[in-house]
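Chain and residue survey
Below are the chains, spelled out letter by letter.
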Amino acid sequence: MQSVAESLERLGALATTPTVARLAAAFADAGYQLALVGGPVRDALLGRPVNDLDFTTDARPDDILRIIAPLADTHWDIGREFGTIGARIAGETVEITTYRADSYDGETRKPDVVFGDTLEGDLVRRDFTVNALALRVPETVLVDPASGVDDLISGTLRTPSTPAISFGDDPLRMLRAARFTSQLGFTVDDETREALEQLADRIEIVSAERIRDELSKLLSSAAPRRGIELLVETGLADQVLPEIPALRLEIDEHHHHKDVYQHSLTVLDQAIGYERERHPDAAPDLVLRLAALLHDIGKPATRRLEPGGAVSFYHHDIVGAKLARKRLRALRFDNDTTDAVDRLIELHLRFFGYTDGAWTDSAVRRYVRDAGEQLERLHMLTRADVTTRNRRKADRLAFAYDDLEERIRHLQEKEELDAVRPDLDGEQVMQLLGLKPGREVGEALRFLLELRLDEGPLGAEEAARRLTAWWSAR
(Lines give C-alpha, C1' and ligand atoms only; values in the text may rest on other atoms or scores of the structure.)
Protein backbone atom coordinates (compact mmCIF):
# COMPACT_ATOMS: atom_id res chain seq x y z
CA MET A 1 0.00 0.00 0.00
CA GLN A 2 1.14 3.57 -0.66
CA SER A 3 2.12 5.94 2.15
CA VAL A 4 -0.73 7.60 4.03
CA ALA A 5 -0.01 10.93 2.36
CA GLU A 6 -0.03 9.40 -1.13
CA SER A 7 -3.26 7.53 -0.41
CA LEU A 8 -5.03 10.63 0.86
CA GLU A 9 -3.80 12.56 -2.16
CA ARG A 10 -5.22 9.93 -4.52
CA LEU A 11 -8.56 9.96 -2.68
CA GLY A 12 -8.70 13.73 -2.98
CA ALA A 13 -7.91 13.55 -6.69
CA LEU A 14 -10.61 10.90 -7.18
CA ALA A 15 -13.20 13.06 -5.41
CA THR A 16 -12.48 16.02 -7.67
CA THR A 17 -12.59 14.28 -11.06
CA PRO A 18 -15.22 15.95 -13.27
CA THR A 19 -17.77 13.13 -13.17
CA VAL A 20 -17.53 12.63 -9.40
CA ALA A 21 -17.62 16.36 -8.71
CA ARG A 22 -20.72 16.89 -10.90
CA LEU A 23 -22.60 14.03 -9.24
CA ALA A 24 -21.57 15.13 -5.75
CA ALA A 25 -22.82 18.65 -6.36
CA ALA A 26 -26.10 17.44 -7.89
CA PHE A 27 -26.93 15.13 -4.98
CA ALA A 28 -25.92 17.74 -2.39
CA ASP A 29 -28.10 20.37 -4.09
CA ALA A 30 -31.01 17.91 -3.97
CA GLY A 31 -30.46 17.33 -0.24
CA TYR A 32 -29.06 13.78 -0.44
CA GLN A 33 -25.85 12.07 0.66
CA LEU A 34 -23.49 10.50 -1.88
CA ALA A 35 -20.36 8.39 -1.42
CA LEU A 36 -17.96 6.49 -3.63
CA VAL A 37 -17.95 2.96 -2.29
CA GLY A 38 -16.03 -0.31 -2.46
CA GLY A 39 -13.66 -0.99 -5.34
CA PRO A 40 -12.77 2.56 -6.43
CA VAL A 41 -11.95 3.61 -2.86
CA ARG A 42 -9.96 0.45 -2.21
CA ASP A 43 -8.02 0.74 -5.46
CA ALA A 44 -7.27 4.42 -4.93
CA LEU A 45 -5.84 3.63 -1.49
CA LEU A 46 -3.74 0.80 -2.99
CA GLY A 47 -2.48 2.92 -5.85
CA ARG A 48 -4.21 0.71 -8.41
CA PRO A 49 -6.04 2.05 -11.48
CA VAL A 50 -9.64 3.02 -10.73
CA ASN A 51 -11.83 1.66 -13.50
CA ASP A 52 -15.35 1.63 -12.07
CA LEU A 53 -17.25 4.39 -10.30
CA ASP A 54 -19.68 2.84 -7.82
CA PHE A 55 -21.67 5.13 -5.54
CA THR A 56 -24.15 4.68 -2.72
CA THR A 57 -26.72 7.17 -1.48
CA ASP A 58 -29.69 7.63 0.82
CA ALA A 59 -31.75 8.69 -2.24
CA ARG A 60 -34.32 6.15 -3.46
CA PRO A 61 -34.20 4.92 -7.10
CA ASP A 62 -36.83 7.40 -8.36
CA ASP A 63 -34.88 10.26 -6.80
CA ILE A 64 -31.59 8.98 -8.25
CA LEU A 65 -33.10 8.95 -11.74
CA ARG A 66 -34.46 12.45 -11.32
CA ILE A 67 -31.07 13.79 -10.21
CA ILE A 68 -28.89 12.13 -12.83
CA ALA A 69 -31.18 12.52 -15.86
CA PRO A 70 -29.98 16.07 -16.66
CA LEU A 71 -26.32 15.01 -16.32
CA ALA A 72 -26.32 11.68 -18.15
CA ASP A 73 -25.66 10.91 -21.80
CA THR A 74 -27.83 7.86 -21.19
CA HIS A 75 -29.12 5.98 -18.16
CA TRP A 76 -30.74 2.63 -17.38
CA ASP A 77 -32.62 1.07 -14.50
CA ILE A 78 -32.08 -2.66 -15.10
CA GLY A 79 -31.05 -3.01 -11.43
CA ARG A 80 -33.82 -0.80 -10.12
CA GLU A 81 -35.44 -3.66 -8.18
CA PHE A 82 -32.27 -3.79 -6.08
CA GLY A 83 -31.91 -0.03 -5.86
CA THR A 84 -29.27 0.38 -8.59
CA ILE A 85 -29.38 2.95 -11.37
CA GLY A 86 -26.69 3.04 -14.07
CA ALA A 87 -25.64 5.91 -16.30
CA ARG A 88 -22.99 7.22 -18.65
CA ILE A 89 -21.80 10.66 -17.70
CA ALA A 90 -19.07 12.43 -19.69
CA GLY A 91 -18.09 9.08 -21.19
CA GLU A 92 -17.76 7.27 -17.84
CA THR A 93 -20.03 4.48 -16.64
CA VAL A 94 -21.35 4.91 -13.11
CA GLU A 95 -23.66 2.89 -10.88
CA ILE A 96 -25.52 4.49 -7.98
CA THR A 97 -27.25 2.28 -5.42
CA THR A 98 -29.54 3.17 -2.54
CA TYR A 99 -28.24 2.19 0.90
CA ARG A 100 -29.18 -1.42 1.50
CA ALA A 101 -30.09 -3.41 4.60
CA ASP A 102 -31.10 -6.69 2.95
CA SER A 103 -31.95 -9.95 4.63
CA TYR A 104 -31.58 -13.38 3.01
CA ASP A 105 -33.59 -16.54 3.40
CA GLY A 106 -30.43 -18.69 3.49
CA GLU A 107 -31.81 -21.12 0.91
CA THR A 108 -32.20 -19.46 -2.47
CA ARG A 109 -29.79 -16.52 -2.07
CA LYS A 110 -32.65 -14.20 -3.06
CA PRO A 111 -32.65 -11.18 -0.76
CA ASP A 112 -35.65 -9.38 0.60
CA VAL A 113 -34.63 -6.00 -0.70
CA VAL A 114 -34.74 -3.50 2.16
CA PHE A 115 -33.39 0.00 1.69
CA GLY A 116 -31.25 1.35 4.53
CA ASP A 117 -30.89 4.78 6.02
CA THR A 118 -27.18 5.04 6.90
CA LEU A 119 -23.92 4.65 5.04
CA GLU A 120 -22.36 2.73 7.92
CA GLY A 121 -25.24 0.23 7.91
CA ASP A 122 -24.77 -0.30 4.19
CA LEU A 123 -21.03 -0.88 4.52
CA VAL A 124 -21.17 -3.56 7.22
CA ARG A 125 -23.32 -5.79 4.96
CA ARG A 126 -20.64 -5.88 2.25
CA ASP A 127 -18.41 -8.83 1.44
CA PHE A 128 -14.98 -7.91 2.87
CA THR A 129 -13.65 -5.14 5.06
CA VAL A 130 -11.35 -3.91 2.27
CA ASN A 131 -14.49 -3.30 0.20
CA ALA A 132 -16.47 -1.84 3.11
CA LEU A 133 -14.88 1.55 2.54
CA ALA A 134 -16.58 4.72 1.35
CA LEU A 135 -15.55 8.24 0.46
CA ARG A 136 -18.23 10.83 1.17
CA VAL A 137 -18.39 13.47 -1.54
CA PRO A 138 -18.14 16.38 -1.86
CA GLU A 139 -16.84 16.44 1.74
CA THR A 140 -13.98 13.97 0.93
CA VAL A 141 -14.42 12.07 4.19
CA LEU A 142 -13.29 8.45 4.41
CA VAL A 143 -15.76 6.14 6.18
CA ASP A 144 -14.31 2.87 7.48
CA PRO A 145 -16.56 1.18 10.08
CA ALA A 146 -14.90 -2.25 9.82
CA SER A 147 -11.20 -1.22 9.90
CA GLY A 148 -10.76 -1.98 6.22
CA VAL A 149 -7.75 0.34 5.92
CA ASP A 150 -5.89 -1.72 8.53
CA ASP A 151 -6.63 -4.84 6.49
CA LEU A 152 -5.44 -3.13 3.31
CA ILE A 153 -2.15 -2.36 5.04
CA SER A 154 -1.72 -5.95 6.30
CA GLY A 155 -3.00 -7.56 3.10
CA THR A 156 -5.75 -9.44 4.94
CA LEU A 157 -9.15 -10.56 3.67
CA ARG A 158 -11.76 -10.51 6.43
CA THR A 159 -15.54 -10.11 6.50
CA PRO A 160 -17.17 -7.10 8.21
CA SER A 161 -19.58 -9.34 10.12
CA THR A 162 -18.79 -12.93 11.07
CA PRO A 163 -17.82 -15.08 8.04
CA ALA A 164 -20.72 -17.44 8.72
CA ILE A 165 -23.22 -14.57 8.44
CA SER A 166 -21.51 -12.98 5.44
CA PHE A 167 -21.17 -16.22 3.45
CA GLY A 168 -24.58 -17.38 4.59
CA ASP A 169 -26.05 -14.18 3.12
CA ASP A 170 -24.34 -14.76 -0.23
CA PRO A 171 -22.22 -17.91 -0.72
CA LEU A 172 -20.69 -16.43 -3.89
CA ARG A 173 -18.58 -14.31 -1.54
CA MET A 174 -16.53 -17.45 -0.87
CA LEU A 175 -15.44 -17.49 -4.52
CA ARG A 176 -14.77 -13.77 -4.32
CA ALA A 177 -12.36 -14.50 -1.47
CA ALA A 178 -10.37 -16.71 -3.82
CA ARG A 179 -10.55 -14.10 -6.57
CA PHE A 180 -9.26 -11.33 -4.32
CA THR A 181 -6.32 -13.44 -3.15
CA SER A 182 -5.33 -13.62 -6.82
CA GLN A 183 -6.26 -10.07 -7.77
CA LEU A 184 -4.82 -8.25 -4.77
CA GLY A 185 -2.31 -10.75 -3.42
CA PHE A 186 -4.10 -10.78 -0.05
CA THR A 187 -4.43 -13.67 2.42
CA VAL A 188 -7.69 -14.73 4.07
CA ASP A 189 -7.56 -14.68 7.86
CA ASP A 190 -7.93 -17.89 9.86
CA GLU A 191 -11.58 -17.39 10.81
CA THR A 192 -12.54 -16.66 7.20
CA ARG A 193 -10.60 -19.67 5.92
CA GLU A 194 -12.27 -21.95 8.44
CA ALA A 195 -15.68 -20.70 7.30
CA LEU A 196 -14.76 -21.38 3.67
CA GLU A 197 -14.06 -25.00 4.58
CA GLN A 198 -17.18 -25.42 6.68
CA LEU A 199 -19.60 -23.72 4.28
CA ALA A 200 -18.17 -24.82 0.93
CA ASP A 201 -21.22 -26.91 0.04
CA ARG A 202 -23.46 -23.82 0.37
CA ILE A 203 -22.14 -22.65 -3.01
CA GLU A 204 -24.56 -25.10 -4.64
CA ILE A 205 -27.43 -22.62 -4.26
CA VAL A 206 -25.63 -20.07 -6.43
CA SER A 207 -26.46 -20.04 -10.13
CA ALA A 208 -24.01 -21.50 -12.63
CA GLU A 209 -23.82 -18.14 -14.42
CA ARG A 210 -22.65 -16.28 -11.30
CA ILE A 211 -20.10 -18.99 -10.54
CA ARG A 212 -18.85 -18.84 -14.15
CA ASP A 213 -18.42 -15.08 -13.97
CA GLU A 214 -16.50 -15.25 -10.70
CA LEU A 215 -14.21 -18.04 -11.94
CA SER A 216 -13.58 -16.04 -15.11
CA LYS A 217 -12.56 -13.01 -13.08
CA LEU A 218 -10.27 -15.19 -10.94
CA LEU A 219 -8.58 -16.71 -14.01
CA SER A 220 -8.22 -13.27 -15.60
CA SER A 221 -6.47 -11.88 -12.52
CA ALA A 222 -2.77 -11.19 -12.11
CA ALA A 223 -1.93 -14.43 -10.27
CA PRO A 224 -4.77 -16.97 -10.58
CA ARG A 225 -2.72 -19.77 -9.06
CA ARG A 226 -3.18 -18.36 -5.54
CA GLY A 227 -6.96 -18.34 -5.84
CA ILE A 228 -7.15 -21.81 -7.37
CA GLU A 229 -5.02 -23.21 -4.56
CA LEU A 230 -7.38 -21.64 -2.02
CA LEU A 231 -10.39 -23.17 -3.79
CA VAL A 232 -8.78 -26.62 -3.73
CA GLU A 233 -7.50 -26.43 -0.16
CA THR A 234 -10.85 -25.32 1.28
CA GLY A 235 -12.98 -27.79 -0.70
CA LEU A 236 -14.71 -25.11 -2.78
CA ALA A 237 -13.20 -26.51 -5.96
CA ASP A 238 -14.91 -29.85 -5.25
CA GLN A 239 -18.19 -27.99 -5.66
CA VAL A 240 -17.48 -25.75 -8.67
CA LEU A 241 -14.55 -27.30 -10.56
CA PRO A 242 -14.06 -30.83 -9.22
CA GLU A 243 -11.78 -31.88 -12.07
CA ILE A 244 -8.96 -29.78 -10.56
CA PRO A 245 -8.70 -31.37 -7.08
CA ALA A 246 -9.08 -34.76 -8.82
CA LEU A 247 -5.66 -34.12 -10.40
CA ARG A 248 -4.03 -34.75 -7.02
CA LEU A 249 -3.39 -38.37 -7.92
CA GLU A 250 -2.05 -40.77 -5.31
CA ILE A 251 1.62 -41.52 -5.89
CA ASP A 252 2.85 -44.80 -4.42
CA GLU A 253 6.43 -45.89 -3.75
CA HIS A 254 6.62 -48.10 -6.85
CA HIS A 255 4.99 -45.98 -9.54
CA HIS A 256 6.31 -42.49 -10.09
CA HIS A 257 4.97 -39.62 -12.15
CA LYS A 258 4.65 -35.86 -11.97
CA ASP A 259 2.22 -34.32 -9.54
CA VAL A 260 -0.45 -33.58 -12.15
CA TYR A 261 -2.13 -30.91 -10.03
CA GLN A 262 1.05 -28.92 -9.46
CA HIS A 263 2.06 -29.50 -13.08
CA SER A 264 -1.24 -28.01 -14.26
CA LEU A 265 -0.77 -24.92 -12.09
CA THR A 266 2.74 -24.50 -13.46
CA VAL A 267 1.44 -24.81 -17.02
CA LEU A 268 -1.11 -22.10 -16.20
CA ASP A 269 1.65 -19.84 -14.85
CA GLN A 270 3.82 -20.45 -17.91
CA ALA A 271 0.95 -19.95 -20.36
CA ILE A 272 0.27 -16.55 -18.77
CA GLY A 273 3.95 -15.77 -19.17
CA TYR A 274 3.85 -16.56 -22.91
CA GLU A 275 0.60 -14.63 -23.24
CA ARG A 276 2.17 -11.51 -21.73
CA GLU A 277 5.37 -11.95 -23.72
CA ARG A 278 3.61 -12.25 -27.07
CA HIS A 279 0.71 -9.87 -26.45
CA PRO A 280 1.83 -7.49 -23.66
CA ASP A 281 -0.95 -4.97 -24.24
CA ALA A 282 -3.82 -7.42 -24.73
CA ALA A 283 -6.51 -8.29 -22.21
CA PRO A 284 -6.09 -11.57 -20.27
CA ASP A 285 -6.77 -14.55 -22.54
CA LEU A 286 -9.46 -16.52 -20.70
CA VAL A 287 -9.58 -19.28 -23.33
CA LEU A 288 -5.85 -19.96 -23.07
CA ARG A 289 -5.97 -19.91 -19.27
CA LEU A 290 -8.92 -22.30 -19.11
CA ALA A 291 -7.17 -24.67 -21.53
CA ALA A 292 -3.94 -24.53 -19.52
CA LEU A 293 -5.72 -25.25 -16.23
CA LEU A 294 -7.87 -28.04 -17.66
CA HIS A 295 -5.50 -29.60 -20.22
CA ASP A 296 -4.72 -32.71 -18.15
CA ILE A 297 -8.10 -33.35 -16.51
CA GLY A 298 -8.40 -36.56 -18.54
CA LYS A 299 -5.48 -38.12 -16.67
CA PRO A 300 -7.31 -39.48 -13.59
CA ALA A 301 -9.71 -41.45 -15.81
CA THR A 302 -6.93 -42.82 -18.04
CA ARG A 303 -4.23 -43.53 -15.45
CA ARG A 304 -2.67 -46.99 -15.76
CA LEU A 305 0.09 -48.46 -13.62
CA GLU A 306 2.50 -50.23 -15.95
CA PRO A 307 5.05 -52.98 -15.18
CA GLY A 308 8.40 -51.62 -14.09
CA GLY A 309 6.98 -48.60 -12.29
CA ALA A 310 5.84 -46.55 -15.28
CA VAL A 311 2.50 -44.74 -15.34
CA SER A 312 0.57 -44.12 -18.55
CA PHE A 313 -2.32 -41.83 -19.47
CA TYR A 314 -3.21 -42.98 -22.98
CA HIS A 315 -5.79 -40.81 -24.75
CA HIS A 316 -6.08 -38.38 -21.84
CA ASP A 317 -6.14 -35.59 -24.40
CA ILE A 318 -9.36 -36.91 -25.99
CA VAL A 319 -10.97 -37.77 -22.65
CA GLY A 320 -9.90 -34.42 -21.19
CA ALA A 321 -11.43 -32.48 -24.08
CA LYS A 322 -14.76 -34.18 -23.50
CA LEU A 323 -14.64 -33.57 -19.74
CA ALA A 324 -13.75 -29.91 -20.29
CA ARG A 325 -16.65 -29.46 -22.70
CA LYS A 326 -19.03 -31.01 -20.16
CA ARG A 327 -17.78 -28.81 -17.31
CA LEU A 328 -17.82 -25.59 -19.33
CA ARG A 329 -21.34 -26.29 -20.52
CA ALA A 330 -22.44 -26.93 -16.94
CA LEU A 331 -20.98 -23.53 -16.02
CA ARG A 332 -22.86 -21.92 -18.93
CA PHE A 333 -19.78 -20.77 -20.85
CA ASP A 334 -20.57 -19.60 -24.35
CA ASN A 335 -20.15 -21.97 -27.29
CA ASP A 336 -17.14 -20.19 -28.78
CA THR A 337 -15.17 -20.44 -25.52
CA THR A 338 -16.20 -24.06 -25.00
CA ASP A 339 -15.29 -25.08 -28.55
CA ALA A 340 -11.92 -23.32 -28.37
CA VAL A 341 -10.92 -24.90 -25.04
CA ASP A 342 -12.10 -28.32 -26.26
CA ARG A 343 -9.96 -28.02 -29.40
CA LEU A 344 -6.85 -26.86 -27.54
CA ILE A 345 -7.02 -29.72 -25.03
CA GLU A 346 -7.63 -32.26 -27.80
CA LEU A 347 -4.54 -31.03 -29.70
CA HIS A 348 -2.18 -30.23 -26.83
CA LEU A 349 -0.16 -33.46 -27.25
CA ARG A 350 0.05 -33.37 -31.07
CA PHE A 351 3.38 -31.54 -31.18
CA PHE A 352 5.25 -34.08 -29.09
CA GLY A 353 5.31 -36.41 -32.10
CA TYR A 354 7.35 -33.76 -33.89
CA THR A 355 10.42 -34.56 -31.81
CA ASP A 356 10.22 -38.26 -32.72
CA GLY A 357 11.08 -37.55 -36.33
CA ALA A 358 10.88 -34.75 -38.86
CA TRP A 359 7.33 -33.95 -39.90
CA THR A 360 6.57 -33.78 -43.57
CA ASP A 361 5.09 -30.57 -44.96
CA SER A 362 1.83 -32.51 -45.11
CA ALA A 363 1.93 -33.10 -41.34
CA VAL A 364 2.63 -29.40 -40.71
CA ARG A 365 -0.28 -28.39 -42.93
CA ARG A 366 -2.59 -30.74 -41.02
CA TYR A 367 -1.40 -29.32 -37.70
CA VAL A 368 -2.31 -25.84 -38.87
CA ARG A 369 -5.59 -27.00 -40.40
CA ASP A 370 -6.67 -28.82 -37.26
CA ALA A 371 -5.73 -25.93 -34.96
CA GLY A 372 -7.54 -23.41 -37.15
CA GLU A 373 -8.15 -20.14 -35.30
CA GLN A 374 -6.56 -21.60 -32.15
CA LEU A 375 -3.07 -21.97 -33.67
CA GLU A 376 -1.50 -19.08 -31.76
CA ARG A 377 -2.99 -20.29 -28.49
CA LEU A 378 -1.85 -23.84 -29.27
CA HIS A 379 1.69 -22.54 -29.71
CA MET A 380 1.58 -20.99 -26.23
CA LEU A 381 -0.16 -23.93 -24.56
CA THR A 382 2.24 -26.49 -26.03
CA ARG A 383 5.28 -24.51 -24.95
CA ALA A 384 3.79 -24.00 -21.47
CA ASP A 385 3.21 -27.76 -21.13
CA VAL A 386 6.95 -28.34 -20.85
CA THR A 387 7.66 -28.32 -17.12
CA THR A 388 10.55 -30.79 -16.95
CA ARG A 389 13.47 -29.85 -14.71
CA ASN A 390 15.80 -31.61 -17.17
CA ARG A 391 17.38 -28.59 -18.86
CA ARG A 392 18.62 -30.57 -21.84
CA LYS A 393 15.17 -32.04 -22.53
CA ALA A 394 13.48 -28.65 -22.07
CA ASP A 395 15.93 -27.02 -24.50
CA ARG A 396 15.43 -29.80 -27.05
CA LEU A 397 11.66 -29.34 -26.96
CA ALA A 398 11.94 -25.56 -27.16
CA PHE A 399 14.28 -25.76 -30.17
CA ALA A 400 11.93 -28.26 -31.84
CA TYR A 401 8.95 -25.97 -31.38
CA ASP A 402 10.96 -23.01 -32.67
CA ASP A 403 11.62 -25.08 -35.76
CA LEU A 404 7.95 -26.00 -36.14
CA GLU A 405 6.81 -22.39 -35.85
CA GLU A 406 9.40 -21.36 -38.42
CA ARG A 407 8.18 -24.04 -40.84
CA ILE A 408 4.60 -22.91 -40.32
CA ARG A 409 5.59 -19.30 -41.05
CA HIS A 410 7.42 -20.39 -44.21
CA LEU A 411 4.47 -22.43 -45.48
CA GLN A 412 2.04 -19.65 -44.59
CA GLU A 413 4.02 -17.19 -46.69
CA LYS A 414 4.42 -19.65 -49.55
CA GLU A 415 0.96 -21.21 -49.64
CA GLU A 416 -1.41 -18.91 -47.72
CA LEU A 417 -1.74 -21.76 -45.25
CA ASP A 418 -4.34 -20.03 -43.10
CA ALA A 419 -6.86 -20.39 -45.93
CA VAL A 420 -6.18 -23.94 -47.07
CA ARG A 421 -8.93 -25.02 -49.47
CA PRO A 422 -9.23 -27.53 -52.31
CA ASP A 423 -7.88 -26.30 -55.65
CA LEU A 424 -11.37 -26.61 -57.14
CA ASP A 425 -14.65 -25.40 -55.67
CA GLY A 426 -17.98 -27.22 -55.56
CA GLU A 427 -19.26 -25.72 -58.82
CA GLN A 428 -16.13 -26.80 -60.68
CA VAL A 429 -16.37 -30.31 -59.22
CA MET A 430 -20.00 -30.70 -60.29
CA GLN A 431 -19.27 -29.44 -63.80
CA LEU A 432 -16.19 -31.66 -64.22
CA LEU A 433 -17.84 -34.85 -62.92
CA GLY A 434 -21.39 -34.17 -64.07
CA LEU A 435 -22.78 -34.23 -60.54
CA LYS A 436 -25.66 -32.53 -58.79
CA PRO A 437 -25.35 -31.12 -55.23
CA GLY A 438 -25.11 -33.95 -52.71
CA ARG A 439 -22.91 -36.35 -50.80
CA GLU A 440 -20.67 -37.24 -53.75
CA VAL A 441 -19.63 -33.61 -54.21
CA GLY A 442 -18.58 -33.51 -50.57
CA GLU A 443 -16.50 -36.68 -51.04
CA ALA A 444 -14.78 -35.18 -54.06
CA LEU A 445 -13.98 -31.97 -52.17
CA ARG A 446 -12.55 -33.97 -49.27
CA PHE A 447 -10.34 -35.88 -51.71
CA LEU A 448 -9.05 -32.58 -53.13
CA LEU A 449 -8.45 -31.17 -49.65
CA GLU A 450 -6.38 -34.21 -48.69
CA LEU A 451 -4.34 -33.71 -51.86
CA ARG A 452 -3.85 -30.07 -50.98
CA LEU A 453 -2.69 -30.96 -47.47
CA ASP A 454 -0.38 -33.72 -48.73
CA GLU A 455 1.23 -31.92 -51.63
CA GLY A 456 0.48 -28.23 -51.33
CA PRO A 457 -1.14 -26.16 -54.13
CA LEU A 458 -1.59 -28.16 -57.32
CA GLY A 459 -3.31 -25.65 -59.56
CA ALA A 460 -6.72 -26.10 -61.18
CA GLU A 461 -5.51 -28.12 -64.18
CA GLU A 462 -3.55 -30.73 -62.21
CA ALA A 463 -6.28 -30.93 -59.54
CA ALA A 464 -8.86 -31.62 -62.28
CA ARG A 465 -6.70 -34.37 -63.77
CA ARG A 466 -6.14 -36.04 -60.39
CA LEU A 467 -9.82 -35.74 -59.46
CA THR A 468 -10.95 -37.29 -62.75
CA ALA A 469 -8.56 -40.19 -62.31
CA TRP A 470 -9.73 -40.76 -58.72
CA TRP A 471 -13.37 -40.61 -59.74
CA SER A 472 -12.87 -43.10 -62.56
CA ALA A 473 -11.10 -45.55 -60.25
CA ARG A 474 -13.78 -45.48 -57.56
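Residues numbered from 1 in each chain as written. Predicted model: local features only at pLDDT ≥ 70, side-chain atom pairs only at ≥ 80, totals over all residues. Heavy atoms only, no water.

1. Digging into the layout of surface pockets
- Taken as a whole, the largest pocket spans an internal volume of roughly 1,600 Å³.
- In terms of lining, the largest pocket is formed by 42 residues, of which the most central are Asp54, Glu95, Arg126, Arg176 and Lys217.
- If you list the elements that add at least two residues to the lining of the largest pocket, you get α3 (39-46), β2 (53-57), β4 (84-89), β5 (92-98), α8 (172-184) and α10 (208-219).
- For the lining of the largest pocket, the leading source of residues is α8, giving 6 residues.
- Broken down by class, the residue content of the lining of the largest pocket amounts to 13 nonpolar, 9 polar and 20 charged. (1 Å grid on protein atoms, 1.4 Å probe; cavity = no way out; pocket = protein on both sides within 12 Å on 5 of 7 lines; lining within 4 Å. Points joined across faces, edges and corners; volume = space filled by probe spheres on them. Helix = DSSP H or I, 4+ residues; strand = E, 2+ residues; numbered from the N terminus. Nonpolar A, V, L, I, M, F, W, Y, C, P; charged D, E, K, R; others polar.)

2. Focus: empty space enclosed by the protein
- Per the stated rule, a full pass over the model turns up 1 cavity of 30 Å³ or more.
- By volume, the largest cavity amounts to about 110 Å³.
- Along its surface, the largest cavity is lined by 13 residues, and Leu215, Leu219, Leu231, Leu241 and Leu293 are the ones closest to its centre.
- Mapped by element, the contributors of at least two residues to the lining of the largest cavity are α10, α11 (224-234) and α14 (286-294).
- Grouping the constituent residues of the lining of the largest cavity by class yields 13 nonpolar, no polar and no charged.

3. What to know about the pattern of salt bridges
- This structure, assessed with the given rule, holds 37 salt bridges.
- One salt bridge connects Glu233 with Arg193, and the closest N-O pair in it is separated by 2.5 Å. Taken together, the residues span a long stretch of sequence, with Glu233 in helix α11 and Arg193 in helix α9 (residues 190-199) at a distance of 40 residues.
- Here Glu233 falls in the partly exposed class, since its relative accessible area comes to 46%.
- Look at Arg193 and you get partly exposed, because its relative accessible area is 26%.
- Taking the shortest distance from any N to any O, the salt bridge between Arg377 and Asp285 comes out at 2.9 Å. (Salt bridge = Lys/Arg side-chain N within 4 Å of Asp/Glu carboxyl O. Buried < 20%, exposed > 50% of the residue type's maximum accessible area, 1.4 Å probe, protein only.)

4. So, the side chain of Asp127
- Along the chain, the position of Asp127 falls in the loop between α5 (119-123) and β8 (134-136).
- At 3.1 Å, the side chain of Asp127 and the side chain of Asn131 are in polar contact.
- Those residues in contact with Asp127, other than ones at most four positions away along the chain, are Arg158, Thr159, Pro160, Ser166, Arg173, Arg176 and Phe180. (Polar contact = N/O pair within 3.5 Å; in protein donor to acceptor, adjacent residues only side chain to side chain. Contact = heavy atoms within 4.5 Å.)

5. Remarks on the packing of aromatic side chains
- Scanning the model with the defined rule gives 5 aromatic pairs in all.
- For the cation-ring pair, Arg179 lies above Phe180, with the distance from its terminal atom to the ring centre recorded as 4.7 Å.
- Seen from the ring of Phe313, Lys299 lies directly overhead, with NZ or CZ sitting 4.8 Å from the centre. (Phe/Tyr/Trp six-rings, centres within 6.5 Å; stacked < 30°, edge-to-face > 60°. Lys NZ or Arg CZ within 6 Å of the ring centre and 35° of its normal.)

6. Describing unusual backbone geometry
- Cis geometry marks the peptide bond from Val137 to Pro138, where omega comes out at 10°.
- Following the sequence through the fold, Pro138 ends up in the loop between β8 and β9 (141-143).
- You will see that Thr140, though not glycine, has its phi angle at about 60°, which is positive.
- Note on placement: Thr140 falls in the loop between β8 and β9.
- Among the residues examined, Thr140 registers a relative accessible area of 37% and is labelled partly exposed.
- Phi is positive for Arg332, which is not a glycine, with a value near 65°.
- Here Arg332 shows up in the loop between α16 (316-330) and α17 (335-347).
- Overall, Arg332 belongs to the partly exposed group, its relative accessible area being 46%.

7. Things to note about the packing of helix α13 (residues 260-278) against α14
- The contact between α13 and α14 brings their axes to 8 Å, and the two run at 155°. Classified by the interaxial angle, the pair formed by α13 and α14 is roughly antiparallel. Handedness of the crossing formed by α13 with α14: right-handed. In this structure, α13 uses Ser264, Leu265, Val267, Leu268, Ala271, Ile272, Glu275 and Arg276 to contact α14, whose residues at the interface are Leu288, Arg289, Ala292 and Leu293.
- For the contact of α13 with α14, the residue count by class is 8 nonpolar, 1 polar and 3 charged. (Axes fitted to C-alpha atoms, helices over the stretch in contact; angles between N-to-C directions. Parallel < 35°, antiparallel > 145°, perpendicular 65-115°, else oblique. Left-handed = near helix turned anticlockwise from the far one by under 90°.)

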